[in-house]
Amino acid sequence: MTVNGDDNTERLLVQQCLSGDEQAWKTLVDKHFRLIASIVRWQKWRFDQRDVEDVVQDALEELVKSLAGFQFQSRLSSFVRTIAVRACTDRIRKKVAQKRISDMDCVPLDSGGDDEDDSRSPIPTDQGPNQEEMLLTRERLGALRQALGLLDKECKKLIRMRFFDDLSFPEMADALRIKANTVAVQVRRCVFKIHRLFPKQG
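Here's a quick rundown of the structure. A quick note: this is a predicted structure, and the numbers were derived from the prediction, not measured.

In the structure shown here, the tally under the stated rule is 11 salt bridges. The closest approach of N and O atoms between Asp54 and Arg50, which form a salt bridge, is 3.5 Å. One end of the pair, Asp54, and the other, Arg50, are both in helix α3 (residues 49-66), four residues apart, so they sit about a helical turn from each other. A salt bridge links Arg50 to Asp166; the shortest N-O distance between them is 2.9 Å. With Arg50 in helix α3 and Asp166 in the loop between α6 (153-164) and α7 (169-176), this residue pair connects regions lying 116 residues apart in the sequence. Residue classification places Arg50 among the partly exposed positions, given a relative accessible area of 27%. Using a relative accessible area of 48% as the deciding quantity, one classes Asp166 as partly exposed.

What follows is the structure, given as structure tokens:
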């Protein structure tokens, strides 16, 4: 069996990423960003622009978390493709679940009694996320706020714009006068720093 040079290059890149080499992570993201974005933009998903940005970010975060488990049983691009598709299907499941919750916001009840109150009036159910989801969100936001004090000036700005000002990548790109893809890579780098500082918050 011959040794594949591309395979050796990928192995070295993965090793460098796992050792915490930020430039290696940037190279990895730059190399596979278009592949991830093209999968997320497939028409069959019916994602709007904000969904596309969020799912791309989800896929990049999952790539960071899962890379250590990659055993080179396939090409790295195949591994990345699988992660991107999984991120898309996860988003679809969440959107379906949210729609079901929305459809059940009001449940009509009819007890048939003679109470003064109209028993057939719609009774609002819990319209927000469950307590566990709310707590998890607060914990993540808390980790972000705590991490801001430990990040460099550039990352502080990017994290605030993306997660606290809720700006899209194109909006950030316009404000920073750089390309949206560059913004995504830089945000990914900063999020990776947060994962390293607060691994349990990922």
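Next comes the rest of the write-up.
Leu28, Ile36, Val40, Leu67 and Leu76 are the most contacted members of the largest nonpolar core, which has 49 residues in total. Among the elements of the structure, α1 (5-18), α2 (22-40), α3, α4 (76-103), α6, α7 and α8 (180-197) are those that each provide at least two residues to this core. Considering every element that reaches this core, the biggest residue donor is α2, with 10 residues. With residues up to four places along the chain from it excluded, the contact list for Ile36 reads Val56, Ala59, Leu60, Val80 and Ala84.

Per the counting criterion, the structure on display carries four aromatic pairs. An aromatic cluster is built from Trp42, Trp45 and Phe47, whose rings are joined through pairwise contacts. Above the plane of the ring of Phe72 lies Arg11, whose end atom (NZ or CZ) is 4.3 Å from the centre. Here Arg162 stacks its cationic end above the ring of Phe169, 4.1 Å away from the centre of that ring.

Mapping Asp51 onto the fold places it in helix α3. Setting aside anything within four residues of it in sequence, one finds Asp51 in contact with Arg91 and Lys95.

Looking now at the packing of α3 against α8. Where α3 contacts α8, the two axes come as close as 11 Å, and the packing angle between them is 45°. When the axis of α3 is compared with that of α8, the two are oblique. The chirality of how α3 crosses α8 is right-handed. Counted together, Gln57, Leu60, Glu61, Val64 and Lys65 of α3 and Ala184, Val187, Arg188, Val191, Phe192 and His195 of α8 form the full contact between these two elements.

The rules we used
Residues numbered from 1 in each chain as written. Predicted model: local features only at pLDDT ≥ 70, side-chain atom pairs only at ≥ 80, totals over all residues. Heavy atoms only, no water. Salt bridge = Lys/Arg side-chain N within 4 Å of Asp/Glu carboxyl O. Helix = DSSP H or I, 4+ residues; strand = E, 2+ residues; numbered from the N terminus. Buried < 20%, exposed > 50% of the residue type's maximum accessible area, 1.4 Å probe, protein only. Core = buried A, V, L, I, M, F, W, Y, C linked by side-chain atoms within 4.5 Å. Contact = heavy atoms within 4.5 Å. Phe/Tyr/Trp six-rings, centres within 6.5 Å; stacked < 30°, edge-to-face > 60°. Lys NZ or Arg CZ within 6 Å of the ring centre and 35° of its normal. Axes fitted to C-alpha atoms, helices over the stretch in contact; angles between N-to-C directions. Parallel < 35°, antiparallel > 145°, perpendicular 65-115°, else oblique. Left-handed = near helix turned anticlockwise from the far one by under 90°.

As far as function goes, none of this settles anything; it's purely spatial.
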